[in-house]
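# Tertiary structure, described
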Protein chains: 2
Amino acid sequence: MRTFEENLERLAELGIRVGLNLQPHQEVIATAPLEAVDFVRLLAKKAYEAGASLFTVLYSDNVLARERLSRVAPEDLDRAPAWLYEGMGRAFREGAARLAVSGNDPKALAGLDPERIGRAQKAQAQAYEPALKAITEFATNWSIVPFAHPGWARAVFPELPEKEAVERLWAAIFQATRVLEEDPVAAWREHNRRLHEKVAYLNARRFHALHFRGPGTDLTVGLAEGHLWQGGATEAQNGVVCNPNLPTEEVFTAPHRARVEGVVRASRPLALGGELVEGIWARFQDGVAVEVGAEKNAELLLKALETDEGARRLGEVALVPADNPIAKTGLVFFDTLFDENAASHLAFGQAYAENLEGHPTGEELLRRGANRSLIHIDWMIGSEEVDVDGLYEDGTRVPLMRKGVWVV
Amino acid sequence: MRTFEENLERLAELGIRVGLNLQPHQEVIATAPLEAVDFVRLLAKKAYEAGASLFTVLYSDNVLARERLSRVAPEDLDRAPAWLYEGMGRAFREGAARLAVSGNDPKALAGLDPERIGRAQKAQAQAYEPALKAITEFATNWSIVPFAHPGWARAVFPELPEKEAVERLWAAIFQATRVLEEDPVAAWREHNRRLHEKVAYLNARRFHALHFRGPGTDLTVGLAEGHLWQGGATEAQNGVVCNPNLPTEEVFTAPHRARVEGVVRASRPLALGGELVEGIWARFQDGVAVEVGAEKNAELLLKALETDEGARRLGEVALVPADNPIAKTGLVFFDTLFDENAASHLAFGQAYAENLEGHPTGEELLRRGANRSLIHIDWMIGSEEVDVDGLYEDGTRVPLMRKGVWVV
Ligand SMILES: [Zn+2]
Ligand SMILES: [Zn+2]
Ligand SMILES: [Zn+2]
Ligand SMILES: [Zn+2]
């Protein structure tokens, strides 16, 4: 049994060696919540041990965000630090690795005007586009590493005192990221091998669509022309094989933006704008979610879906077995990185270039039938009650998952 | 008597309203040491109260700096985040205000290889140039606001426990920045008025030289052709009148690099490389300090004066009345921003473009008789025992200061 400090150090090492697969002399640009200072210092130490040339970190601060959202003139909400994100995008294209330390208080913006939050987030998303584009195109190796933010821990364990909640969340993070394995780096090698096996299987089949069936769900998701399944470690354009998400359990691809039909019910809540959107359901027609609702905080999701024409269409469909280490924690994490990897999911909005042959961008994505948008919002639809079939164009079906687990 | 919190809030307000003179809807880009998080949040609050549209802060971390300097490959020391500073420079030119929170541990890099530090600092300075150029050209309104960093407090009050040292340093900062006045904003308005009055007086007189006389001092400092006196609030190119330094007590101009004659004795110790150089004296001939000595740590100063040909010549002469709030603290601050503003001073090394008509740079500085060097080291020569005269070319003299205070 390892101590907490040993596990934390292993997680940091995993983030640098497996997540980023940082190369000697490479620069790192990290983003993190201010609460993560000590963990960031540990990551920086591991990065320099791995031969990093420069580790730059940009901290976000919920206190400043609240101050701004509650005070500034409405038109000033349209302002975002474009100068910063343009620079980041350039740095990624020139070889800097991107490390995101994730984990935040889902209630950070609670009580603020959702209209103002939406307006600010739209401006932020637009300004961030040059950086996001470099990331989604895998211009460089990147990874997201989780941090047990106290606000996050309070949300996951509302009944516990904060200190204990943080300890429990770290323990869950260690389990979800395979840090507790005898040799975490070897465990990830094996995990990546299994994910790549599924990816190879699905890419060989070239299904025309997927069919999800479960309580409240009867949904056919057409796949884009020349779609590619991805999952596990990915080779970025700079030739470095990285694990963008720690944890990751999914294999995913690009839906066809005009061929999604039927109804679907979310299996888990979605954290959005500091609140939880619960009980999401949607009806799709010709690829568009023509009806969307939720039992709680529906307006937050509906607001985001107004962003642009592509916001109500799908940019991602992902298959995740229900018997994975994240699902096994038995927790709802209130965090997309974890919850999406606990279950099969869909994403409203932008498709990933990596999910199409030749990795097209811009208008070419649309021509292939993949989706474009300023948003990308994952929401979970898989569970032990959901079956998934692969459909060939002639209607032949192949069972892929039964009761949430792989049958291929 | 106001509480500590009230004084801190007034300092933050002074930084935003007087230092930056922040305009409604203006963006702020702040830099600060990580230890200053709470003070930064207070500054951001005041900025948003004053109508800021966006307050972005970039934190520096001595822990990461030490980690890097002690670990990376030698050639990786040449790396610096150019992408970040180019973006900052652009943002300043596009209207963002620049707020620097100053105060750091003078021993932050103690014990590290000076050669590696020098190499990293050179790369940093080169990468920072686009931002620094926008700042020194006053493309936008900017200000430096002091923060009582624990490491700085330990240096100023080595005999006190840290907590008490920090309290004492804050008290000294409040006094030096006129925060303790009944109405600090009004006090700064009056202070700026008086500094501008002196600047106008001195620029109208067009003295050929200044003459300092006191214990161990009988020094004539020729002034450069077309020299300009500066001091107090400055109008930036965006039309905003800001106070770049809080505190500031000086009016200053460019000496003639070849017309300095006589002897001079420092009135206060000089903090250099984390140590105090005490009892400095010098003899000038044809503008060059042909003899320089000190009672303690002379070698630190002498080493710096070897930097280049201009290092033993003067780049600045500044008049500061002896009865100013910084001198009244009776402290050595180990920080140029404070120590130089405690007394009339000279600087070995580089002259400021702003101190010459037309703001020339490079070779043109030399043609005007102003000095060039890679160093700029301010050292204090004024006190209640020092008189200053203005000299016209025909030898006529006008008393400017008697017993260290203005008589004009
Ligand atoms: Zn996904
Ligand atoms: Zn996704
Ligand atoms: Zn000065
Ligand atoms: Zn100076």
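Described in the following lines is the structure provided in the data block. (Residues numbered from 1 in each chain as written. Chains lettered and ligands numbered in written order. Predicted model: local features only at pLDDT ≥ 70, side-chain atom pairs only at ≥ 80, totals over all residues. Heavy atoms only, no water.)

### Description of the relation of the copies chain B and chain A
Of the transformation superimposing chain B on chain A, the axial component is 0.6 Å and the angular component is 174 degrees, with the fit at an RMSD of 2.2 Å. What the superposition gives is, in effect, a two-fold axis relating one chain to the other. Rotation axis and chain B: the residue whose C-alpha lies nearest the axis is L84 of chain B, separated from it by 1.9 Å. Here 100% of the interface residues in chain B have copies in chain A that are interface residues too; the copies meet face to matching face. (Least-squares fit on C-alpha atoms with pLDDT ≥ 70 in both. Contact = heavy atoms within 4.5 Å.)

### Quick word on the coordination of the zinc ion (ligand 3)
Residues and elements named next belong to chain B. Those protein atoms acting as donors to the zinc ion (ligand 3) are E250 (OE), E316 (OE), E340 (OE) and H345 (NE2), and they sit at 1.9 to 2.4 Å. One way to put it: the 4 donor atoms around the zinc ion (ligand 3) meet at angles of 79 to 144 degrees, and that makes the site irregular. Along the chain, the residues donating to the zinc ion (ligand 3) are arranged with the sequence spacing E-x65-E-x23-E-x4-H. For the pair the zinc ion (ligand 3) and the zinc ion (ligand 4), the metal-to-metal distance amounts to 3.3 Å, and E316 bridges them. Of this pair, E316 sits in strand 15 (residues 314-319) while E340 sits in the loop between helix 11 (336-339) and strand 16 (345-349), and the two are 24 residues apart along the sequence. Judged by its relative accessible area of 8%, E340 falls in the buried class. (Donors = N, O, S within 2.8 Å, 3.2 Å for Na, K, Ca; no water. Tetrahedral: all angles 85-135°; square planar, octahedral: opposite > 155°, others 65-115°. Helix = DSSP H or I, 4+ residues; strand = E, 2+ residues; numbered from the N terminus. Buried < 20%, exposed > 50% of the residue type's maximum accessible area, 1.4 Å probe, protein only.)

### With respect to helix 5 (residues 114-136) of chain A
Residue and element names in this part refer to chain A. Taking 1.5 Å per residue as the helical rise, helix 5 with its 23 residues ought to reach 33 Å, whereas the 27 Å between its terminal C-alpha atoms falls clearly short. Along helix 5, the largest kink reaches about 60 degrees and is centred on E129; proline P130 follows within four residues of it. Listed as buried for helix 5 are R116, I117, A120, A123, A127, Y128, A131, A134, I135 and T136. Each element contacted by the buried residues of helix 5 is listed here: helix 3 (62-71), helix 4 (82-93), strand 3 (97-102) and strand 4 (142-146). Two or three places before E115, at the opening of helix 5, D113 has a side-chain oxygen 2.9 Å from that residue's backbone nitrogen. The first or second residue beyond helix 5 is F138, which carries a positive phi of 55 degrees. (Expected span 1.5 Å × (residues − 1). Bend = angle between axes of the 7 residues up to and from the residue. Polar contact = N/O pair within 3.5 Å; in protein donor to acceptor, adjacent residues only side chain to side chain.)

### Re the coordination of the zinc ion (ligand 2)
Residues and elements named next belong to chain A. Of the protein atoms, only E316 (OE), H376 (NE2), D378 (OD) and D378 (OD) coordinate the zinc ion (ligand 2), at distances of 2.0 to 2.6 Å. Taken together, the 4 donor atoms coordinating the zinc ion (ligand 2) span angles of 55 to 146 degrees at the metal, a pattern that classifies the geometry as irregular. Positions of the donor residues of the zinc ion (ligand 2), expressed as sequence spacing, correspond to E-x59-H-x1-D. The distance between the zinc ion (ligand 2) and the zinc ion (ligand 1) comes to 3.3 Å, with E316 serving as a donor to both metals.

### Side note on the sheet that holds strand 20 (residues 397-402) of chain A
Residue and element names in this part refer to chain A. Spatially, the 8 strands line up as an open sheet ordered 15-14-11-6-5-19-20-21, and their pairing is antiparallel. The open sheet terminates on both sides in strands that have one partner only, identified here as strand 15 (288-293) and strand 21 (405-406). Of the pairings in the sheet, the one linking strand 11 (residues 255-265) to strand 14 (residues 281-285) comprises 4 bridges and is antiparallel in character. The residue bridging G262 from the neighbouring strand is F284, located in strand 14. (Pairing = 2+ DSSP bridges.)

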